[in-house]
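What follows is each chain in one-letter form.
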Amino acid sequence: MSCIKLYKGQDFICENWAKKYYQQLVLVNKDDVLKFETYVEPIFPVGIDPVFRHRITFELKDEKTGYLFRGGENSVSFYATFSKQLDDNIPQYSHNLQLPIMGAGEQTKGILKTLDNSNYFAAIQFM
């Protein structure tokens, strides 16, 4: 038995939905984060159609930054997905990110090696 009920469906007829991501993202080293907070903000918390906005905020340590990866706006190379699995009946989410790393030179190889051995999170935005 579930404690959560479905209250609303979706009607695609009159809505304009985001269909792709902006072709840019920012990678942030998790070790550079000073503090973070996740919260749920009620937008329309009453009635039969409650709506909530989910947010995360974070503050970086002094002199730390995120790293911008940007592509052409006419392409669809930057993409993100997620999937859910249950582990002991607890939802666990896996996030996947696609971004192009172009070239075969030393600089490109350095970026790839850094990504292989790092602990980053990404911020990407729907268009």
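Refer to the preceding data block for the structure.
Here the structure is a predicted model, which means the values were calculated and not measured.

J.: So, the layout of surface pockets: which residues are in play, and what are the values?
T.: By volume, the largest pocket amounts to about 650 Å³. Taken together, 18 residues form the lining of the largest pocket, with A80, H95, N96, A122 and I124 sitting closest to its centre. Looking at the lining of the largest pocket, the elements with two or more residues in it are β1 (21-29), β5 (79-87), β6 (90-98) and β7 (120-126). In terms of residue count, β7 provides more of the lining of the largest pocket than any other element does, seven residues in total. When the residues that make up the lining of the largest pocket are grouped by side-chain class, the tally is 13 nonpolar, five polar and no charged.

J.: How would you summarise the nonpolar core if you had to cite specific residues and measurements?
T.: Formed by L25, L27, F69, F78 and L99, the largest nonpolar core amounts to five residues. With near-sequence residues (within four places) excluded, L99 lies in contact with L25, F69, S77 and F78.

J.: Could you give me a rundown of the packing of aromatic side chains, with the residues and numbers involved?
T.: In this structure the tally under the stated criterion is four aromatic pairs. With 6.1 Å between their ring centres and 55° between their planes, F82 and Y93 make a pair best called tilted. Here F82, found in strand β5, pairs with Y93, found in strand β6; they are 11 residues apart in sequence, far enough to count as distant. Through successive ring pairs, a cluster of aromatic residues spans Y21, Y79 and F126.

J.: An account of the sheet that holds β1 is requested, with residue identities and associated values reported.
T.: Pairing within the open sheet is antiparallel, and its three strands lie in the order β4-β1-β7. Sheet topology places β4 (67-70) and β7 at the edges, where each strand pairs with a single neighbour. Here the strands of the sheet are splayed against their neighbours by 25° on average, with no regard to which way each runs. The pairing of β1 with β7 spans six bridges and is antiparallel. Residue pairing for β7: L27 is matched across the bridge by A122.

J.: Could you give an account of the pattern of salt bridges, with specific residues and numbers?
T.: Note on pairing: side chains with opposite charge can pair once their charged atoms come close. For the structure on display, the rule yields three salt bridges. Two residues, D32 and K64, come together in a salt bridge whose shortest N-O distance is 3.9 Å. With D32 in the loop between β1 and β2 (33-44) and K64 in the loop between β3 (51-60) and β4, this residue pair connects regions lying 32 residues apart in the sequence. On the basis of relative accessibility, which here comes to 42%, the residue K64 falls in the partly exposed class. Across the pair E41 and R53 runs a salt bridge, and its minimum N-O distance is 2.9 Å. Taken together, the residues E41 in strand β2 and R53 in strand β3 connect sequence positions 12 residues apart. For E41, a relative accessible area of 31% corresponds to the partly exposed category.

What counts as what
Residues numbered from 1 in each chain as written. Predicted model: local features only at pLDDT ≥ 70, side-chain atom pairs only at ≥ 80, totals over all residues. Heavy atoms only, no water. 1 Å grid on protein atoms, 1.4 Å probe; cavity = no way out; pocket = protein on both sides within 12 Å on 5 of 7 lines; lining within 4 Å. Points joined across faces, edges and corners; volume = space filled by probe spheres on them. Helix = DSSP H or I, 4+ residues; strand = E, 2+ residues; numbered from the N terminus. Nonpolar A, V, L, I, M, F, W, Y, C, P; charged D, E, K, R; others polar. Core = buried A, V, L, I, M, F, W, Y, C linked by side-chain atoms within 4.5 Å. Buried < 20%, exposed > 50% of the residue type's maximum accessible area, 1.4 Å probe, protein only. Contact = heavy atoms within 4.5 Å. Phe/Tyr/Trp six-rings, centres within 6.5 Å; stacked < 30°, edge-to-face > 60°. Pairing = 2+ DSSP bridges. Axes fitted to C-alpha atoms, helices over the stretch in contact; angles between N-to-C directions. Salt bridge = Lys/Arg side-chain N within 4 Å of Asp/Glu carboxyl O.

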